[in-house]
Amino acid sequence: MSSDVRFTDFKSDKQPTWCPGCGDFGTMNGMMKALANTGNDPDNTFVVAGIGCSGKIGTYMHSYALHGVHGRALPVGTGVKLANPDLEVMVAGGDGDGYSIGAGHFVHAVRRNVDMTYVVMDNRIYGLTKGQASPTSRKDFETSTTPEGPQQPPVNPLALALASGATFIAQSFSTDAQRHAEIVQEAIEHDGFGFVNVFSPCVTFNDVDTYDYFRDNLVDVAEEGHDRTDYDAAKEKILDASKEYQGVIWQSEKSIPYSEKHGVDADMSQIDDGAPEGAMDLVREFY
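Predicted model only: the values in this text are computed from it and were never measured. (Residues numbered from 1 in each chain as written. Predicted model: local features only at pLDDT ≥ 70, side-chain atom pairs only at ≥ 80, totals over all residues. Heavy atoms only, no water.)

(A) Examining the overall build of the chain more closely. The number of helices and strands found in the chain is 11 helices and eight strands. Its C-alpha radius of gyration of 19 Å places the chain within 12% of the 19 Å reference for a compact globule of 287 residues. Along the first, second and third principal axes, the C-alpha atoms of the chain reach 60 × 40 × 40 Å. Burial statistics for the chain: of 287 residues in total, 51% are counted as buried. Of the contacts formed within the chain by residues at least 6 apart in sequence, a portion of 72% connects residues at least 24 apart. When the accessible surface of the chain is totalled, it reaches about 14,100 Å², and 49% of it is carbon and sulfur. (Helix = DSSP H or I, 4+ residues; strand = E, 2+ residues; numbered from the N terminus. Rg over C-alpha atoms; globule rule 2.2 N^0.38 Å. Buried < 20%, exposed > 50% of the residue type's maximum accessible area, 1.4 Å probe, protein only. Contact = heavy atoms within 4.5 Å. Areas by Shrake-Rupley, 256 points an atom, 1.4 Å probe, with all protein chains shown as cover.)

Here it is in structure tokens:
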């Protein structure tokens, strides 16, 4: 940990190829600011990403990074954190990556409560594959492959997290730079799995969930005097489909990270040569 790190230290020398105006720029900048504000530095940070526009983020950030396969970023991040608890692990994904093929991994990552941060860039569309409806798209959202809309209710990722036993649930808006960075910072500082769903507009394929839409409709729970530790109040906000909320909506005061609960606190990334004593005897029992 270092107090001398600036957020620019997390910028790589690779230029992003995201569309001009993409919400992912603001999402990434907030992640880097939050990492610097919490005293982390590139040498102790590991960023894991999946597929889609969001999957490129590990290339654009200066840290240890792995660009995984579709929907599988969370189990990789879990493995990294358990192998080396001293690393700050941040997993990045999109709504298609995280709430479609990766939904099963999302549920189990939440319930394990491993001490890492999951930032999802939710633009309510598949952007990289040219504009199909995603799990969070509106029921009537018209695309080239769903001209009458998907005709299915959108996934509520916050409700899915709450039902899975989440200990930290938040939502932010990529262009609200200071507030977004604050929220991600709180997720990093949380003892357990910190989940932040980020409204990150796609300026190329989504002309409904735009910057103007979120600016006009976002409600910050902090300004409403919301008690983030009140489970019933959090559930009410999460299930309220009439508003778009920003802020930390739920944080459990009883959160115990996986490593503490199961005694996983040693660095296992350095493996001695050869099999552990008795390992072959154990293998022979099953073969």
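(B) Quick look at the pattern of salt bridges. Within this structure, the stated rule accounts for 10 salt bridges. As a salt-bridge pair, Asp9 and Arg6 come within 3.7 Å of each other at their nearest N and O atoms. Between Arg284 and Asp281 there is a salt bridge; the shortest N-O distance is 3.2 Å. On the criterion of helical spacing, the pair formed by Arg284 and Asp281 is a turn pair, its members being three residues apart in helix 11 (residues 279–284). Using a relative accessible area of 53% as the deciding quantity, one classes Arg284 as exposed. A single salt-bridge network, built from bridges that share partners, covers Arg124, Arg138, Asp209 and Glu244. (Salt bridge = Lys/Arg side-chain N within 4 Å of Asp/Glu carboxyl O.)

(C) Looking closely at the sheet that holds strand 1 (residues 45–49). Pairing within the open sheet is mixed, and its eight strands lie in the order 2-1-3-4-6-5-8-7. On the outer flanks of this sheet lie strand 2 (64–67) and strand 7 (218–220), each paired with one strand and no other. Averaged over all adjacent pairs, the angle separating strand axes in this sheet is 20 degrees, with direction ignored. As defined by bridge partners, strand 1 adjoins strand 2 across four bridges and the pair is classed as parallel. Opposite Ala49, over in strand 2, you have His67 as the bridge partner. Along the sheet, helix 3 (residues 73–83) makes contact with strand 1, strand 2, strand 3 (88–94) and strand 4 (117–122), crossing strand 3 at roughly 180 degrees. Lying on the sheet, helix 9 (residues 231–238) is in contact with strand 5 (168–173) and strand 8 (244–251); it crosses strand 8 at an angle near 155 degrees. (Pairing = 2+ DSSP bridges. Axes fitted to C-alpha atoms, helices over the stretch in contact; angles between N-to-C directions.)

(D) Local environment of the packing of aromatic side chains. With the rule as written, the count across this model stands at 12 aromatic pairs. Geometrically, the ring pair formed by Phe173 and Tyr211 is tilted, given 6.2 Å between the ring centres and 50 degrees between the ring planes. Here Tyr211 lies in helix 8 (residues 211–217) and Phe173 lies in strand 5, a separation of 38 residues in the sequence. Each of the two residues, Phe173 as well as Tyr211, counts as buried. Stacked on the ring of Phe7, the Lys or Arg Lys33 has its end atom at 5.3 Å from the ring centre. Just above the ring of Tyr213 sits the side chain of Arg138; from NZ or CZ to the centre is 4.8 Å. (Phe/Tyr/Trp six-rings, centres within 6.5 Å; stacked < 30°, edge-to-face > 60°. Lys NZ or Arg CZ within 6 Å of the ring centre and 35° of its normal.)

(E) Layout of helix 9. Taken as a whole, helix 9 has its buried residues at Ala233, Ala234, Lys237 and Ile238. Looking down the long axis of helix 9, one finds its buried residues gathered within 135 degrees of arc, a one-sided arrangement. Turned more than 90 degrees away from the buried face of helix 9, the exposed residues are Asp232 and Glu236. Where helix 9 is buried, its residues contact helix 6 (157–163), strand 5 and strand 8. Of the residues that open helix 9, the one with a side-chain oxygen 3.1 Å from the backbone nitrogen of Asp232 is Asp230. (Arc of directions from axis to C-beta. Polar contact = N/O pair within 3.5 Å; in protein donor to acceptor, adjacent residues only side chain to side chain.)

(F) The pairing of strand 3, seen in detail. The element strand 3 is largely enclosed, with a buried count of seven among its seven residues. Covered by surrounding structure in strand 3 are Glu88, Met90, Ala92 and Gly94 together with Val89, Val91 and Gly93, the residues of both alternating faces. Taken together, the five bridges between strand 1 and strand 3 define a ladder with parallel strand orientation. Across the sheet, the residue bridging to Phe46 is Val89, located in strand 3.

(G) Structural view of the nonpolar core. Core analysis: the largest hydrophobic core is formed by 30 residues, its most contacted members being Leu74, Val91, Phe106, Tyr118, Ile169, Phe193 and Phe195. Mapped onto this core, the elements with two or more residues apiece are strand 1, helix 3, strand 3, helix 5 (103–112), strand 4, helix 6, helix 9 and strand 8. Dropping the residues within four chain positions of it, Leu74 is found in contact with Val91, His105, Phe106, Ala109, Met116, Tyr118 and Phe193. By size, the runner-up hydrophobic cluster in this structure holds 28 residues, among which are Leu35, Ala36, Ala49 and Ala187. (Core = buried A, V, L, I, M, F, W, Y, C linked by side-chain atoms within 4.5 Å.)

(H) Representation of helix 5. Burial in helix 5 covers these residues: Ala103, Phe106, Ala109 and Val110. Buried residues of helix 5, viewed axially, fall in a sector of 120 degrees; they line one side. Buried residues in helix 5 make contact with helix 3, helix 4 (95–101), strand 4, helix 6 and strand 6 (194–199). Downstream of helix 5 by one or two residues, Asn113 has phi in the positive range, about 60 degrees.

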